[in-house]
Amino acid sequence: MSLYLRLSLYYAASIGSLSFIPFLSLMLADRAIDDRAIAATLALLPAGRLMGGTSWAWVADRLGRPQLILRLATGSAALLGVAVLVAPTPLLLAAALLSFSFMRAPQFPIVDALALQRLGGGYGSVRAWGSLAYLLLVLAASTLRTVDSNGPLAAAVVLLFITAMVAWTLPPGEQPSSPPGWAQIKTLISDRTIGLVLMLSLIQGMTITPYDTLFTLHISRLSLPETVASVAIAVGVAGEIGVMAAGRRLLDRIGPAGLLVLAAVSGLPRWAVTAWSTDPTLLIAAQLLHALGFGAFWIGGTRLVAERAPKGLASTAQSLFPAAGWGFGYLASMGVAGVLLPLGGPPAVFTASLALSVVATVLALRLTRL
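The sections below set out a description of the structure shown in this document.

**Some remarks on the overall build of the protein**
And step 1. The helix and strand inventory of the protein stands at 17 helices and zero strands.
And step 2. Expected size for 370 residues packed as a compact globule is a radius of gyration near 21 Å; at 20 Å, the protein falls within 12% of this value.
And step 3. The dimensions of the protein, computed from C-alpha atoms along their principal axes, are 60 × 50 × 35 Å.
And step 4. When each of the 370 residues of the protein is scored for burial, the buried share is 54%.
And step 5. A separation of at least 24 residues holds for 85% of the contacts in the protein among residues at least 6 apart in sequence.
And step 6. For the protein, the distance from the average position of its 23 positive side-chain charges to the average position of its 14 negative side-chain charges is 10 Å.

**Focus on the packing of aromatic side chains**
Remark: the centre distance and the inter-plane angle together describe each pair of aromatic rings, the angle taken between the planes.
And step 1. Under the defined criterion, the tally for this structure stands at 12 aromatic pairs.
And step 2. Arranged with centres 6.1 Å apart and planes meeting at 40°, the rings of Phe297 and Trp326 form a pair that is tilted. Of the two residues, Phe297 sits in helix 16 (residues 290-308) while Trp326 sits in helix 17 (residues 314-368), which places them 29 residues apart along the sequence. Assigned by exposure class, Phe297 and Trp326 land together as buried.
And step 3. Taking the centre distance of 5.9 Å and the plane angle of 75° together, the rings of Trp298 and Trp326 count as edge-to-face. Taken together, the positions of Trp298 in helix 16 and Trp326 in helix 17 put the pair 28 residues apart, joining distant regions of the chain. Across this residue pair, the class does not change: Trp298 and Trp326 are buried.
And step 4. Through a chain of ring-to-ring contacts, three or more aromatic side chains come together here, namely Phe294, Phe297, Trp298, Phe321 and Trp326.
And step 5. Directly above the aromatic system of Tyr211 lies the positively charged group of Arg270, at a separation of 4.4 Å from the ring centroid.

**As for the nonpolar core**
And step 1. Leu7, Tyr10, Tyr11, Phe100 and Leu170 are the most contacted members of the largest nonpolar core, which totals 102 residues.
And step 2. No other element matches the 13 residues that helix 17 contributes to this core.
And step 3. Not counting chain neighbours up to four residues away, the residues in contact with Tyr10 comprise Leu70, Thr74, Gln107, Val111, Thr163, Val166, Ala167 and Leu170.

**Things to note about the packing of helix 11 (residues 192-221) against helix 12 (residues 226-245)**
And step 1. As a packed pair, helix 11 and helix 12 sit with axes 8 Å apart at the nearest point and diverge in direction by 145°. Of the two possible hands of crossing, helix 11 and helix 12 adopt the one that is right-handed. Contacts from Tyr211, Phe215, Thr216 and Ile219 in helix 11 reach Val228, Ala229, Ala232 and Ile233 in helix 12.
And step 2. Its residues assigned to classes, the contact of helix 11 with helix 12 comprises seven nonpolar, one polar and no charged.

**Brief notes about a nonpolar patch on the surface**
And step 1. A cluster of nonpolar side chains, Met1, Tyr4, Leu5, Leu9 and Trp129, forms an exposed patch at the surface whose accessible area comes to about 540 Å².
And step 2. For the nonpolar patch, the element with the most residues is helix 1 (residues 3-16), which contributes three residues.
And step 3. Structurally, Trp129 can be placed in helix 8 (residues 123-147).
And step 4. Taking the relative accessible area as the measure of exposure, Trp129 reaches 43% and is therefore partly exposed.

**Side note on the side chain of Ser8**
And step 1. Mapped onto the elements, Ser8 comes out in helix 1.
And step 2. Those residues in contact with Ser8 that sit more than four places away from it in its chain are Val126 and Trp129.

**Notes on the environment of Ala29**
And step 1. The topology assignment puts Ala29 in helix 2 (residues 24-30).
And step 2. What makes Ala29 partly exposed here is its relative accessible area of 42%.
And step 3. Remark: the alpha-carbon pair of Ala29 and Tyr10, spanning 19 residues in sequence, is separated by 31 Å.

**Observations concerning helix 14 (residues 256-276)**
And step 1. With 21 residues, helix 14 should cover 30 Å at 1.5 Å per step; its first-to-last C-alpha distance of 31 Å lies within 8% of that length.
And step 2. Of all the 21 residues making up helix 14, 15 are buried; the element is thus mostly covered by neighbouring parts of the structure.

Rules and cut-offs
Residues numbered from 1 in each chain as written. Predicted model: local features only at pLDDT ≥ 70, side-chain atom pairs only at ≥ 80, totals over all residues. Heavy atoms only, no water. Helix = DSSP H or I, 4+ residues; strand = E, 2+ residues; numbered from the N terminus. Rg over C-alpha atoms; globule rule 2.2 N^0.38 Å. Buried < 20%, exposed > 50% of the residue type's maximum accessible area, 1.4 Å probe, protein only. Contact = heavy atoms within 4.5 Å. Lys, Arg positive; Asp, Glu negative; His and termini not counted. Charge placed at Lys NZ, Arg CZ, Asp CG, Glu CD. Phe/Tyr/Trp six-rings, centres within 6.5 Å; stacked < 30°, edge-to-face > 60°. Lys NZ or Arg CZ within 6 Å of the ring centre and 35° of its normal. Core = buried A, V, L, I, M, F, W, Y, C linked by side-chain atoms within 4.5 Å. Axes fitted to C-alpha atoms, helices over the stretch in contact; angles between N-to-C directions. Left-handed = near helix turned anticlockwise from the far one by under 90°. Nonpolar A, V, L, I, M, F, W, Y, C, P; charged D, E, K, R; others polar. Patch = residues over 30% accessible without salt bridge, like charges linked within 9 Å, V, L, I, M, F, W, Y side chains within 5 Å. Areas by Shrake-Rupley, 256 points an atom, 1.4 Å probe, with all protein chains shown as cover. Salt bridge = Lys/Arg side-chain N within 4 Å of Asp/Glu carboxyl O. Expected span 1.5 Å × (residues − 1).

Below is the structure:
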């Protein structure tokens, strides 16, 4: 099997396994866990990502054995997925979920670094299979929940074991003859381009993560059918798949910095419509901009980080990108939501996302001048 096919299968299984997360709050409620404990439990996901992502990636680069760390991480995550599924008490479930997030954290940076090294501009086309698997499984989740309330999580556990098996077939990434030291770390943290990309990732993550967690609540409070939220999410992910698949052509034509500008600018109309419109057609159409807000952003950001990463720190550099947006950005956005939700509900939160998109646009334009 070619490396392209193995990476495509890896992303399909690994990203597809995340499809249980939108339904995790419902699964926790089914276990009679109260709202405050649900919120605290959900916060364990970004906490584990922050603790595990960069630290594991640094170990992989330092040892020069990213393949070994990937195998350890994928195998452990699969076993911890089983632990989350069968945990008999809320405390054990929380411990299993935190450990699961900690062990999953290095998987994407390590494989992203490998894919970017081996496939270059073709990275987006293999990453698109993950988005497709996620879309199909999210659409199937309601059916799975009619069979068993933990159905989405059980399906995710199966995919986690497939991920672990495929990880054993992947080759190691390019490694230097000597392990990276302080000089490489200093080069990484002093790079202005990477610094701006990480700042942009933080801001962009703060705009997108409230959509992941609050959009369904927003649609419900507008007294619109639940299908509006489902269709809107599906439209957004479908657009993301298209952008990912066209990644090589977009990079050649626009460049990674140009893609980041498009991603930031796309938030201006998207969050304005999301915050202020009550028309279901407009709300659904606006989410098509997720194709740029996430798809173009991810392709451009990972490519810039790969180009600027010091020799031997490919996994570490890639780990910083999601940590900024979906670690710190996630936590920061939940802090903002905690303040604004009681004041103006979801529309106030999405209005804040609009303001943050203005900041992101300024940062992205500045990035193009470097």
